[in-house]
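# Topology and contacts: notes
If you want the building blocks of each chain, they are given just below.
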Amino acid sequence: MNSSSLEGVVQMGKLVIHIAENGHSYELDSDEYTLVEVVQKILERVCGIPFNDQLLLCLDMKLEPQRPLSAYKLPSVDREVFLFNKARMRSAAPPPALEQVEIIDAPDPPLPSSSHNTHPLDDASDPALKALPSYERQFRYHFQCGHAIYTRTLAKYEACERLLQEQMVQERALEIARGNLDYFYRIVLQNYTDFVKCYLQQHRSHTSLLVNFGRDMEKLKSVRLHPSLQTANKKCLLDFVKEENLRKTVEDCSSSHRQFENKVSDFKKEFGDLKRNAEDLFSSKASFLVKDLDLAIKDHQRYINEQKSIMQALSKDVNTVKKLVDDCLSSELSSSLRPHDAVSALGPMYDSHDKSYLPKMQECDRGISDLLGFCRDKKNEMNIFVHDYMQKIAYLQYSIKDVRCRFSVFQEALKRQSDQFEHLKVVRGIGPAYRACLAEVVRRKETKKIYMGKAGQLAEKLAAERDVEVRRRDEFLKVNSTYIPRDILASMGLYDTPNPCNVNVNPFDSDLLDLDISDVDRYAPDSLMGLSLRNEKHGAMKTSLSISNDGSQSSDVEGTGVDFHEKYDFQESVEESELVEVAGTSKMEVENAKLKAELASKIALLCSMSTELNYESLDQSEIENMLRNATEKTSEALHLKAEYEKHLQSMLKVKQMQCESYEKRIQELEQRLSDQYLRGRKLSADECESISAVSTAKTYDHKPEVSGVGEMHAMEDVSSASSSLKSGLLLDHDKAQEGLGDSMTDSSIMLNPQLDSSMVDLHRDKGHPHDKEKKEALLSDAGMTAGASNMAVSMSQPADALSCEPGLNAKVCDSVAMELQNALSEKSSELENAEMKIQGLMDEVSKLGRELEISRNLLDESQMNCAHLENCLHEAREEAQTHLCAADRRASEYSALRTSAIKTRGLFERLKSCVLSAGVATFSESLRALAQSLSSENDDDGTAEFRECIRVLADKVGVLSRQRAELLERHSKAEASNELLTKELEEKKEMVNTLYMKHQLEKQANKEKISFGRLEVHEIAAFILNPAGYYEAINRNSLYYYLSAESVALFTDHLPSRPSYIVGQVVHIERQIVKSPAERGDRLGLKSGSAAAASNPYGLPVGCEYFVVTVAMLPDTTIHSPPS
């Protein structure tokens, strides 16, 4: 990261500022009282961005120049400030320049030479020992080469990281700019959404008014006024308005409606372009550039690690060869390790350096160089991306500002359109208002009835209480007048009586129309509500709503079930005071009057709601929500209905199982009766053969009575069983089970065992009980047949006995026969009477069953009707209560807001007077006085908060006043010091000019200085004549610099003798090394003596490095020759 530390005023924190256009970062020393303007001036001097083109953003806040840093909680460690260049955001701004990366180049070390760095072992006789210093120099050279490569690679890698950090800073800057733009875009998008919603509602409403204007006019024309309301000019509802003016208004509204629609459509297209550009801008991010670069840098980290490992290996090898050399010098080499072994071990190490380590490091350096090029390209791409992105943001901000300015125009147009269509809304509101007025007439009439009835009821109640009091006083006087004299009682005032109370109600509502609730639909039909079109368009919604209501009502009715009477009785007991008979009317009439009044009230309420709530303004989503809610309610009601149906089916199954158990019990009892009957017949046949005449006579004397009694008991038990069975099946299953079980038990014990075979037929017929009346007839026939069979058996027994005893007296037989005939006639008559009674009872039971079924059906129907009426009334009451609560709540909110607004306006008026009346010097004192006066009043939380704000404002104004005085004083001092500084500046300018002239002279003198170090081209050198006759340069590094023969000739040709020294400017330097004479002679084909003289004219040792210098003469140079 490229960072610059700048000194601030107070060392209290670091303010980090990032430049968005290039990613550079700066740290400023500042404190919380530093003004943003000061920071901007420093940035203008450091980064070159003009003051007026700077835009500072911190998070979503814009830094204003006149505010201190503390207003933005700066300086802070976790907050960054981004600087944007406004000039770069303009459309005509040039693209950014290409990124330039400066890398400090580390030069390669010079080649190792034994002449420059001699070693004691260079003169050793052993070649192995002589090679060790050469290896040491080569290893050091390899280490220095590797270190130079590593330094360059590390510098390049750090440059890559710096470029990555700058791109990350640019990415964060784009996020800040995107967030700032997104904030304003969301505001304008919300404003646009609200505007479109209002416009669509208004558009649907106005379109409906224009399209249905003719229908509304025809509807008003078709509705005739009440005969009592008709006049010469007013026959129908259309006469309430002027038709010609309305038609002209319709034409104007239609034209304005079309124009406004066209303008809004154009505005929608423009905003659609803005929205599309904003979404494209928000979707484009620079994270992919930074991500790829970050991955590439992390991947190339292995090159640095590899170079580090190679450098460690080279350093280890240098230490190894140095140790060997040191051991050889100190003669501490072990006997096992000879110099030849050490040299042989160093050879492979040298090869690895030359062939592996150094090429590998160079390859890594090339990889990092490629990475640096890749980073530079990515940085340039990021700079272009940031440049284009900021220009797009500037364009979108301009578009958003333009759209926000146009919102006010469209809002005013919406209001103007609404005002223009108010006259058309009157046409649609006439019908509901007329219907509401008629319903109000009906409500007032019914309310008057109830009111007058309650007045009469009150009079009757007071009269009854007076009568009770009068009777009580008379009884008291009657009891006590016997003991107390009358005059004493009169003196006590005990003879007074309460006066009668007269309840008089002055007549009111005498001018009401003679209307009933049915006349409302007659004179103001439901079509005036304006719901017909809506119902035609959305019939499904109406059906769903009606289904849901019916489902809920049915579920309520079914859910209440048996508890309906209890609930109704409870509600009746709660409202007993309201449902009593008043003024000679019944409770039902009172309830009807109340229901009529409440129905009329709801009609009027619905009419008023229909004028306020425009159904055409509902959009498709709201209709879908209503349909969805209706569908959910319908499904819930159907679900409850299905659950209750399952409950009823389960109850029916239980009752069916009980009936089956009763039928099985009856079948078992019938089987037992038939078995007993068969056993009785068999037993009677056996007795006929064994009983004697005497026993037969006794049997004749006693048997008829016993059998008659048993038969009567059997008949009564059978009839009671059948009657109890029928009544149980018709009334209640639980009681039937108990009664039927008892009767069946009794019948099984008390029936005579001698029954007729008709019981078998009865058992066979009971297997198919398809009809209740058929079953009752079978049971009654079975009872009668059983009685008849018993009488037949009792009569057959004496006949058999007589036939078995032919010797008995004839008189006795005749008397017995007579007695049997008499008993038979009596039993027959009793049986006929019993049969008639049973038949009458069965007819009565069937009649009561039918009446009970009819009554039950009527009761169910009345319960359904009452439940339906109760639900309707309850819903209407709840709806009215909801609207009443909403109105009360809005009224309370309005009153509270109005009170708060009045109080706030009063406070601000006092603050305004305080601000206008006070001067600059006394402003803080005036504010403190205002805060003190507010503290003495009884106030609420708002006033206390306002007072606290005034107090804080007074404190801050006082601080600002003091700072203003201090700043004025500082300003005067600064002006004085500025004058002194101006004078000093003039003096300093003169001094600088003098010093500059002196510096130029010194610079000219420095150029003419003679170099005594390593000579370079264009430098001045001095050569002296040595004893050998050659000119040798004066050099402190003991290097061999000799003047060339051409230069010597140049300086000495015009002199009589050779000078002792020569001074000239170096123009060329030739480096040479002394060769051995043999090599020189072989190469040139010369003799050894001449070869030595030619290759080494200066007499230097073999292998020595020397330089031949060519110089030029200096201007104005005097050459001195030695004295002769």
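Just so we're clear, the structure is a prediction, and the values are computed from it rather than from any experiment.

## Description of the overall build of the chain
If you tally the helices and strands in the chain, you get 25 helices and 11 strands. For the chain, buried positions account for 34% of its 1124 residues. Across the chain, contacts joining residues at least 24 apart in sequence account for 78% of those joining residues at least 6 apart. Accessible surface for the chain amounts to roughly 69100 Å². Of this, 54% is attributable to carbon and sulfur atoms.

## A short note on the pairing of strand β3 (residues 25–29)
For a regular strand, the rule is simple: side chains alternate between the two faces of the sheet. Counting buried positions along β3 yields four of five residues, so the element is predominantly enclosed. Where strand β2 (residues 14–19) and β3 come together, five bridges link them in antiparallel fashion. Bridge assignment links Ile17 to a residue of β3, and that residue is Tyr26.

## Section: a nonpolar patch on the surface
Where nonpolar side chains cluster on the molecular surface, the patch consists of Phe476, Tyr483, Ile484, Ile488, Met492 and Leu494 and spans about 600 Å² of accessible area. In this fold, Tyr483 is placed in the loop between α7 (422–480) and α8 (486–491). On the accessibility criterion, Tyr483 (67% relative accessible area) is exposed.

## Some words on empty space enclosed by the protein
Under the counting rule described, the total for this entry stands at seven cavities of 30 Å³ or more. Of all elements in the fold, only β6 (81–85) and α6 (339–420) reach the threshold of two or more residues within the lining of the second largest cavity. The element contributing the most residues to the lining of the second largest cavity is α6, with four residues. A class-by-class count of the residues in the lining of the second largest cavity yields six nonpolar, three polar and two charged.

## Details of the confidence of the model for the chain
Residue-level pLDDT values for the chain average 75, and 74% of them are 70 or greater. Mean pLDDT across the secondary structure elements of the chain bottoms out at helix α12 (residues 564–574), with 35, and peaks at β6, with 90. Long-range and interchain partners of residues 531–580, a stretch whose pLDDT sits below 50, account for 55 contacts in this model, where long-range means more than four residues apart. Considering only residues more than four positions removed or in separate chains, one finds that residues 691–808, a stretch of pLDDT under 50, has 130 contacts.

## Digging into the pairing of strand β10 (residues 1061–1073)
The pairing of strand β7 (residues 1020–1025) with β10 spans five bridges and is classified as antiparallel. Bridging across to β10, Ile1024 finds its partner in Tyr1061. Relative to strand β11 (residues 1105–1113), β10 runs antiparallel, the two sharing nine bridges. Paired with Ile1069 across the strands is Val1109, a residue of β11.

The rules behind these values
Residues numbered from 1 in each chain as written. Predicted model: local features only at pLDDT ≥ 70, side-chain atom pairs only at ≥ 80, totals over all residues. Heavy atoms only, no water. Helix = DSSP H or I, 4+ residues; strand = E, 2+ residues; numbered from the N terminus. Buried < 20%, exposed > 50% of the residue type's maximum accessible area, 1.4 Å probe, protein only. Contact = heavy atoms within 4.5 Å. Areas by Shrake-Rupley, 256 points an atom, 1.4 Å probe, with all protein chains shown as cover. Pairing = 2+ DSSP bridges. Patch = residues over 30% accessible without salt bridge, like charges linked within 9 Å, V, L, I, M, F, W, Y side chains within 5 Å. Salt bridge = Lys/Arg side-chain N within 4 Å of Asp/Glu carboxyl O. 1 Å grid on protein atoms, 1.4 Å probe; cavity = no way out; pocket = protein on both sides within 12 Å on 5 of 7 lines; lining within 4 Å. Points joined across faces, edges and corners; volume = space filled by probe spheres on them. Nonpolar A, V, L, I, M, F, W, Y, C, P; charged D, E, K, R; others polar. pLDDT = per-residue confidence, 0-100.

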